[in-house]
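# Chain and residue survey
Chain by chain, the residues run as shown.
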Amino acid sequence: MDRITIGIIGFGIMGERMLRAALEHAPDVARISGVWDPSLAAMERIASAFPTIPRIADPSALIAQSDCVYVASPPTTHLSHARAAIRAGKSVFCEKPLSVDVADSRAFVAEAGARGAVNFPFASSLAIERLRGWIDEGVIGKPQRIAIEVGFKTWPRAWQMDAAGWLDGRAEGGFTREVVSHFLFLTRRLGGPMRDLKSTIEFPIPEKSERAIAANFTAGELPVELKGRVGSTDKDDHNLWTLIGDRGAVRLRDWSIAERRMGDGAWEIDRDALPQDRARPLTLKRQLDGVARMTRGEKHPLATLQEAFEVQEIVEAILR
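The sections below set out a description of the structure shown in this document. All of these numbers come straight from a predicted model, not from anything done at the bench.

What counts and how
- Residues numbered from 1 in each chain as written.
- Predicted model: local features only at pLDDT ≥ 70, side-chain atom pairs only at ≥ 80, totals over all residues.
- Heavy atoms only, no water.
- Pairing = 2+ DSSP bridges.
- Helix = DSSP H or I, 4+ residues; strand = E, 2+ residues; numbered from the N terminus.
- Axes fitted to C-alpha atoms, helices over the stretch in contact; angles between N-to-C directions.
- Contact = heavy atoms within 4.5 Å.
- Salt bridge = Lys/Arg side-chain N within 4 Å of Asp/Glu carboxyl O.
- Buried < 20%, exposed > 50% of the residue type's maximum accessible area, 1.4 Å probe, protein only.
- Parallel < 35°, antiparallel > 145°, perpendicular 65-115°, else oblique.
- Nonpolar A, V, L, I, M, F, W, Y, C, P; charged D, E, K, R; others polar.

This part is about the sheet that holds strand S12 (residues 257-261). With mixed pairing, the 8 strands of this open sheet are ordered in space as S7-S8-S9-S6-S10-S11-S12-S13. Among the strands making up the open sheet, the edge pair consists of strand S7 (194-202) and strand S13 (267-269). Averaged over all neighbouring strand pairs, the angle between strand axes comes to 15°, with direction disregarded. Alignment of S12 against S13, held across 3 bridges, turns out to be antiparallel. The residue of S13 that forms the bridge with Arg-261 is Trp-267. Of the strands in this sheet, strand S6 (143-152), S7, strand S8 (212-219), strand S9 (222-230), strand S10 (237-245) and strand S11 (249-253) touch helix H8 (residues 175-191), which is tilted by about 165° from S6. Along the sheet face, helix H10 (residues 305-319) touches S7, S8 and S9 and points at about 35° away from the line of S7.

Bringing the pattern of salt bridges into the picture now. Tallying each qualifying case throughout the model produces 27 salt bridges. The partner of Asp-168 in a salt bridge is Arg-211, with the nearest N and O atoms 3.0 Å apart. On the criterion of sequence distance, the pair formed by Asp-168 in the loop between helix H7 (164-167) and H8 and Arg-211 in the loop between S7 and S8 is long-range, its members being 43 residues apart. By the burial criterion, Asp-168 is buried, and Arg-211 matches it. One salt bridge in this structure joins Arg-229 and Glu-202, with 3.3 Å as the shortest N-O distance. With Arg-229 in strand S9 and Glu-202 in strand S7, this pair connects stretches of sequence that are 27 residues apart.

What follows is about the sheet that holds strand S5 (residues 116-118). Read from one edge of the open sheet, 6 strands run S2-S1-S3-S4-S5-S14, paired in mixed fashion. Each edge of the open sheet carries a strand with a single partner, namely strand S2 (30-36) and strand S14 (303-304). Judged from the 2 bridges that link them, S5 and S14 form a sheet pairing that is antiparallel. Bridged to Ala-117 within S14 is Thr-304.

Let's shift gears to the pairing of S9. Burial of the side chains of S9 is restricted to one face: Leu-222, Val-224, Leu-226, Gly-228 and Val-230 are buried, whereas none of Pro-223, Glu-225, Lys-227 and Arg-229 on the reverse face is. Taken together, the 7 bridges between S6 and S9 define a ladder with parallel strand orientation. Across the sheet, Ala-147 pairs through a bridge with Glu-225, a residue of S9. Two elements, S8 and S9, share 8 bridges in a ladder whose sense is antiparallel. The partner of Ala-214 across the bridge, within S9, is Lys-227. Linking S8 to S9, which pair antiparallel, is a turn of 2 residues; within it Gly-220 sits at a positive phi near 65°.

What follows deals with the packing of helix H5 (residues 102-112) against H10. Geometry of a packed helix pair, given as the angle between the helix axes and the separation of the axes. Contact geometry of H5 with H10 gives a least axis separation of 10 Å together with a crossing angle of 175°. As summarised for this structure, H5 and H10 are arranged roughly antiparallel, according to the angle between their axes. Residue-level inspection shows Val-102, Ser-105, Arg-106, Phe-108, Val-109 and Ala-112 of H5 in contact with H10, the latter providing Leu-305, Gln-306, Phe-309, Gln-312, Glu-313 and Glu-316. Partitioning the contact of H5 with H10 into residue classes produces 6 nonpolar, 3 polar and 3 charged.

What follows is the structure, encoded as structure tokens:
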């Protein structure tokens, strides 16, 4: 089928990743119509690294020449760009969170309907497909509970320091919005609607984002325990999402490693597992396939706006 055109708003880490994915892994699916960023330095970086990619003068011009708009700007700007695209009759693929304003996000979900999706890559992860397969095969038996654990050497992570101004601020940043939200999406999709939240949070540094969280809630009928802390690992980040049943358990480790617990209690790694640096391009290609389907009005696996909104509700409740 014909390729769709995607315009990118925001050329930080995620904007560049999506651009590279489109150029290197999905040229048959999507063509980049252009990029816009309010930062002159970012636009100069595009000119240097991607001289053939159009640098558009303003967001409205970018929206006009795109079938779909990928919004990868800081969170407080997401909905203004997304609304402009929807009102122009285009589809929207937005970075998470939808926003940091729960009421405004609720209104946008009602406005946009099925013409938008949010970039939770677990929706297209091969590792998650493996977990689903094991679950369907009965590896864990009857699901009983979910455990989520995230840890960081520092926050922001070393590769995010260029965006530390907002990533480590309370208004838009913090690891709960940036990282935990991914695992809440996974919990919502595999477990069910999330409710009955009880949580604690630590803000030890004035005006900076959180450094530790702990929460309990339910997803569908499953109890969920969530823990996160900065300074708890020597890695940039370490994470585990575990589903425990009455006969066994499966888990996702460090973003892309699917594992299942054997009868002797040892964890067996999926033989096809890839480290995150190798898994990410494949996942983003699959995400772009989904974006093309969504833009054409077809069925797709992407995180819906409603799913993303439900994640945002839990995230902002934890942060309160």
